[in-house]
Amino acid sequence: MNSNLRKLMLPVVLVGVLLIVVAVVYFVEPAHSLPSFFPGHVSASDAEANHHHTKHGIAAIVVALACFAFAWFQTGPKTGTAGSSA
């Protein structure tokens, strides 16, 4: 099972980098300037048009850090059985 999880390492790192980019977009752009497929996008005439979605950005960073932690733990040494050290 461990070798199957090692195969996921590259896609998980790519997802983590993508989520960091998404978090930066949420921190920098107001709600009306977000891409239309992002949650929280509103029209320019809406009352919350200049609102920044900080919580969305924080959530994206937390999930990205979880992806990086998963990839980091998968790069560790493979564990063998206890009897194979002799």
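Residues numbered from 1 in each chain as written. Predicted model: local features only at pLDDT ≥ 70, side-chain atom pairs only at ≥ 80, totals over all residues. Heavy atoms only, no water.

Participant: Even after reading the chapter, I still don't get the packing of aromatic side chains, so can you show me in this structure?
Facilitator: Any two aromatic rings considered together are summarised by their centre-to-centre distance and by the angle between their planes. Within the structure shown, the criterion is met by 3 aromatic pairs. Between Tyr-26 and Phe-38, the ring centres sit 5.3 Å apart and the planes meet at 45°, which makes this aromatic pair tilted. Of this pair, Tyr-26 sits in helix H2 (residues 9–28) while Phe-38 is found in the loop between H2 and helix H3 (54–74), placing the two residues 12 residues apart along the sequence. Judged by relative accessible area, Tyr-26 falls into the buried class, the value being 4%. The buried category is assigned to Phe-38, whose relative accessible area is 13%. Taking 5.7 Å as the distance between ring centres and 20° as the angle between the ring planes, the aromatic pair formed by Trp-72 and Phe-73 counts as stacked. Each member of the pair, Trp-72 as well as Phe-73, is classed as exposed. (Phe/Tyr/Trp six-rings, centres within 6.5 Å; stacked < 30°, edge-to-face > 60°. Helix = DSSP H or I, 4+ residues; strand = E, 2+ residues; numbered from the N terminus. Buried < 20%, exposed > 50% of the residue type's maximum accessible area, 1.4 Å probe, protein only.)

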